[in-house]
Amino acid sequence: MDLKLNDDQSMMKKVAADFVKTEAPPYVITDWFQKKIAFLPELFKKTAEVGWLGMMLPEEYGGAGAACTDCAVVFEELGRGPLPGPYFSSGVLAAEIILAGGSPAQKKTLLPEICRGRAIVIPAISDDPIQWGPRSVQTRLSKTTAGFTLTGTKRFVYDAEAATSFICATRSESGGVVLALVERNAPGVSVKPISGFMIGAAEVRFDNVAIAADNFIGDWVVVERALTKALPILCAFKVGACQEIFEMTNEYTRTRVVFGQPIGRFQRVQDHCVDISIHLDGARWITYETLWKIDSGIEAAANVHQAKAVTSEAYYQSCNFSHMVFAGPGTDYKHPLMAHSVLAHTLYQYLGTPLYHKRAMVDALYPRKAEKVG
Amino acid sequence: MDFSLQLDTPEISAFRKEVRDWLAENMRGSEHLRWSGIWSTRENDEEYKFRRQLATKLGKRGWLFPTYPVKYGGAGLSLDHQFVLETEIDRYGLPLGSVFYTLARLVAPAVLKFGTEEQKMEFLPPMMRGELAVWQVLTEPQGGSDVANCQTKAIRDGDHYVVNGQKVMVGHHLPPDFLWTIVCTNPAGKRHENLGWLYIPANLPGITIQHMHLMMGIKNAVFFDNVRVPAKYLVGGENNGWKVANSYLELEHGGGGSVAENPLFKRLIEHCQKTEFDGESLMEDQDVRDEIADLLIDLDVQRLMGLRNFWHRYVRDPHPYGGAQFIYFQRMVRLRNSERVQRILGYDALVPDGSVHEVADFEYTVRSGPGWLHGGGTLDTDRLIIARRLGLGRPSQENAPTTV
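Undergrad: Explain the packing of helix α8 (residues 267–295) of chain A against helix α9 (residues 301–326) of chain A residue by residue, including any values.
TA: Residues and elements named next belong to chain A. Running from N to C, α8 and α9 point in directions that differ by 160 degrees, and their axes come no closer than 9 Å. Put simply, α8 runs roughly antiparallel to α9. With respect to the hand of their crossing, α8 and α9 are arranged in left-handed fashion. The class makeup of the residues in the contact of α8 with α9 is 13 nonpolar, eleven polar and three charged.

This is how it looks when you write it as structure tokens:
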């Protein structure tokens, strides 16, 4: 048993923390969130230079062959920002999908470009605003005389605006899920940003987009395999976000004076901080144990679903409890809490809600007798 | 990071094998006693007797207090060895914690830290040999959480302290050999500076013990009527009781950590798999599965918080707020599980089943929801401690005392 980071990880954590402090201090991030800027090309390039994009990929593809826990340590610090941008969606999830299902040629051409930050590949999986999982894939793949075309609308694609290409999940004529690589500039592809109480999502339409036969990656199994390694990294990002909220809220209880004393002396205010501590630490240790299992080659399918559910709820609830402490000032879009609040709602939905993943966790542990097929 | 419970080096592996072989031999004949408890409403004298005998056997080898110096009756082993012993004994479903918890986790560590050499030589060996049952008696009728507001008086009279007062909600259904208690040694003194710690032989004249029938089982009221306690039983020095209290209550408040598995979950799954409603097993019901999901998450978070605290204790780096956080969370999880089990089982949740481990008994689960909202402090005290350790509204954070 050893529950601390190793020396390398502690160093990576510090480098990432310093990076966020220097490149994206809270007032800068708050400004981006207020203006709904979810992609900063210059900053993205810098993270590529440090080696954070595709860092879990093998060295032959431009990665660092990093363990999940190493990568998670970096993303935890990015989450403290919270740094907006396709660091996870392209640098982790898309990279893992291509690694898991791509042809040798796809891996060789695409993966090093993802690591350099020149290719920004965005997974566009679910068509539906509510559902997640294979049943949520409806975009149709049709066979034509010349090859294939796909048609459909992905209602909410996170980080879509930054994309140079998409990994589009399609439903083939035989009913299975097939992943297709689609250039952002291909005729028939359109991206429409969505504004609302969220950030970084856009609607992506595929209108009779032609797909060459060598642009397929694999089926749903590939998505699952990639998610098992990728989701815990997203979870670590949310853990970092909760940590930041925890610290900023605790600090506020020392400096904000009401009725002649710091609000942290009021027990009802204290209770909100206690609740944040529980969400934070629950999210942290569920995530860390999952990372350890994956790095140790221990079966972790249920743990990954658990971590996704727990961290999404933790981020969301930490924001709510923090709002109780910050009250009015915390609802100003110029306040750092608002960046978190907006992102927490976005990530609650991203890649499946807590309810979806709780059910998937139980299904992984205790499969139903007759699995309902969608 | 490494979450595996195996800490075993080759030396420790050999020790684990030794312990396993020894237990296989000495646990024989206890099969029908396994998976029951003694804290609650179960009063099984045969089981209690078996545990006491087992403790004596362990004590002979120094294994009841493996990390204590050999000269006091311990085995002079490492925390790794203690960990092996705790986990291997737990496998038999007869953890000694419920009988020796007070001794092993609270009293002996405090004597080791605060006792004089003379006291250690006299008090510790019988404890190490497993001969004693000691009750912690702190709560008084006028207050439980406010330990420092202690009204039981112990006034020095020559070589003795004369004790008068009353403690409540302590112990269990079988009598103790010693009482471990906080007393007011200087009624005129300042709060926190007027307290003493006494280790009182339970057979002294003037001590009366009366059963109290409570939600979580039998506890007792202890009356002190002009009890003359020899002064050698004062631990930690004159008016120094608060310091003793502070360092060891951290352990009482979860700072020690926990690595034991919770058997409730496994039993609940088994129940849902074999119970049918309308031709379908409960396990196929989505509502039941959703309850199970939430319950599993709560138990896993609780397990990991306990593991984290254990690790912090293991590396001698106390977690600032982890102890109180664990206890608070555990109380709330028990309360939630109490309702979850009722939702899944219906009326059956209210009927005890003495054949299973107490923690896995559904009726116990239901009762311990509200029943364990306090005990070792209330949940509000827990939150107060967390808040202080976080330094909420304060310029500085209160440190966690080093656990003993």
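That was the structure; now back to the text.
Undergrad: Lay out the pairing of strand β6 (residues 207–214) of chain B with the relevant residues and their values.
TA: All names here are of chain B. Taken across its eight residues, β6 has zero buried, putting it largely on the surface. Strand direction decides the pairing type here: β6 and strand β7 (residues 217–230), joined by eight bridges, are antiparallel. Of the residues in β7, the one forming a bridge with Thr208 is Phe223. Between β6 and β7, which follow one another and run antiparallel, lie two residues.

Undergrad: Give me the lowdown on the environment of His32 of chain B, citing residues and values where you can.
TA: Among the structural elements, His32 of chain B can be located in the loop between α1 (10–26) and α2 (45–60). The sequence separation of His32 of chain B and Glu47 of chain B amounts to 15 residues, and the corresponding C-alpha distance is 9.1 Å.

Undergrad: Please set out helix α11 (residues 354–365) of chain A residue by residue, giving values where relevant.
TA: The first and last C-alpha atoms of α11 of chain A sit 17 Å apart over twelve residues, in line with the 16 Å expected at 1.5 Å per residue. When we look at burial in α11 of chain A, the residues that qualify are Pro354, Tyr356, His357, Lys358, Ala360, Met361 and Val362 of chain A. At its buried positions, α11 of chain A is contacted by α9 of chain A together with α8 (286–314) of chain B.

Undergrad: Provide a residue-level description of the domain arrangement of chain A, including the pertinent values.
TA: Interfaces are often sized by the amount of accessible area the parts lose when they come together. Residue and element names in this part refer to chain A. According to the domain assignment, chain A consists of domain 1 (7–116), domain 2 (121–219) and domain 3 (221–365). One C-alpha centre belongs to domain 2, the other to domain 3, and the line joining them spans 29 Å. Taken together, the 13 residues of domain 2 in the interface contact eleven residues of domain 3. Class assignment of the residues belonging to the side of domain 2 that touches domain 3 gives a composition of nine nonpolar, three polar and one charged.

Undergrad: How would you sum up the domain arrangement of chain B? Please name residues and give values.
TA: Along its sequence, chain B is carved into domain 1 (10–132), domain 2 (135–244) and domain 3 (256–390). Distance from the C-alpha centre of domain 2 of chain B to the C-alpha centre of domain 3 of chain B: 32 Å.

Undergrad: Outline the interface of chain B and chain A, supporting the account with residue identities and numerical values.
TA: Contact residues are listed per partner, giving 32 residues for chain B and 33 residues for chain A. When residues of the side of chain B that touches chain A are traced back to their parent elements, those giving at least two are α8, α9 (322–345) and α11 (379–390) of chain B. For the side of chain B that touches chain A, the leading source of residues is α8 of chain B, giving eleven residues. Classifying every residue of the side of chain B that touches chain A by side-chain character gives 20 nonpolar, four polar and eight charged.

Undergrad: Explain the pairing of β7 of chain B to me, using residue names and the numbers behind them.
TA: In terms of strand pairing, strand β3 (residues 160–170) of chain B meets β7 of chain B through eight bridges, oriented antiparallel. Bridge assignment links Val170 of chain B to a residue of β7 of chain B, and that residue is Asn220 of chain B.

Undergrad: Which residues make up unusual backbone geometry, and what are the values?
TA: In this structure, the amide linkage connecting Gly81 of chain A to the following residue, Pro82 of chain A, adopts the cis form with an omega of -5 degrees. Backbone geometry places Leu351 of chain A, a non-glycine residue, at a positive phi of 60 degrees. The residue Leu351 of chain A is located in the loop between α10 (336–349) and α11 in this model. A positive phi is found at Asn226 of chain B, a non-glycine position, where the angle reads about 50 degrees. The residue Asn226 of chain B is located in strand β7 in this model.

Undergrad: Now, about helix α5 (residues 117–128) of chain B: what can you tell me, with residues and values included?
TA: Residue and element names in this part refer to chain B. Counted at 1.5 Å a residue, the expected span for α5 with its twelve residues is 16 Å, and the 16 Å between its end C-alpha atoms agrees. All of the buried residues along α5 are Phe123, Leu124, Met127 and Met128. In an axial view of α5, the angular spread of the buried residues amounts to 125 degrees, which keeps them on one side of the axis. Where α5 ends, the next residue or the one after it, Gly130, has phi of about 75 degrees, a positive value.

Undergrad: Tell me about the nonpolar core, and name the residues and values.
TA: Generally speaking, a soluble globular protein has its nonpolar side chains buried in company with each other. Ile97, Ile122, Ala124, Ile167, Ala180 and Ile233 of chain A are the most contacted members of the largest nonpolar core, which has 161 residues in total. It is helix α7 (residues 220–255) of chain A that contributes the most residues to this core, 17 residues altogether. The contact partners of Ile233 of chain A, leaving out residues within four places of it in the chain, are Cys68, Cys71, Ala72, Phe75, Phe88 and Val92 of chain A. Counting 55 residues, the second largest nonpolar core, distinct from the first, contains Phe65, Tyr72, Phe114 and Val229 of chain B.

The rules behind these values
- Residues numbered from 1 in each chain as written.
- Chains lettered and ligands numbered in written order.
- Predicted model: local features only at pLDDT ≥ 70, side-chain atom pairs only at ≥ 80, totals over all residues.
- Axes fitted to C-alpha atoms, helices over the stretch in contact; angles between N-to-C directions.
- Helix = DSSP H or I, 4+ residues; strand = E, 2+ residues; numbered from the N terminus.
- Parallel < 35°, antiparallel > 145°, perpendicular 65-115°, else oblique.
- Left-handed = near helix turned anticlockwise from the far one by under 90°.
- Nonpolar A, V, L, I, M, F, W, Y, C, P; charged D, E, K, R; others polar.
- Buried ≥ 20, exposed ≤ 12 C-beta atoms within 10 Å, placed from the backbone.
- Pairing = 2+ DSSP bridges.
- Expected span 1.5 Å × (residues − 1).
- Contact = placed C-beta atoms within 7 Å.
- Domains from an automatic or database assignment.
- Arc of directions from axis to C-beta.
- Core = buried A, V, L, I, M, F, W, Y, C linked by C-beta atoms within 7 Å.

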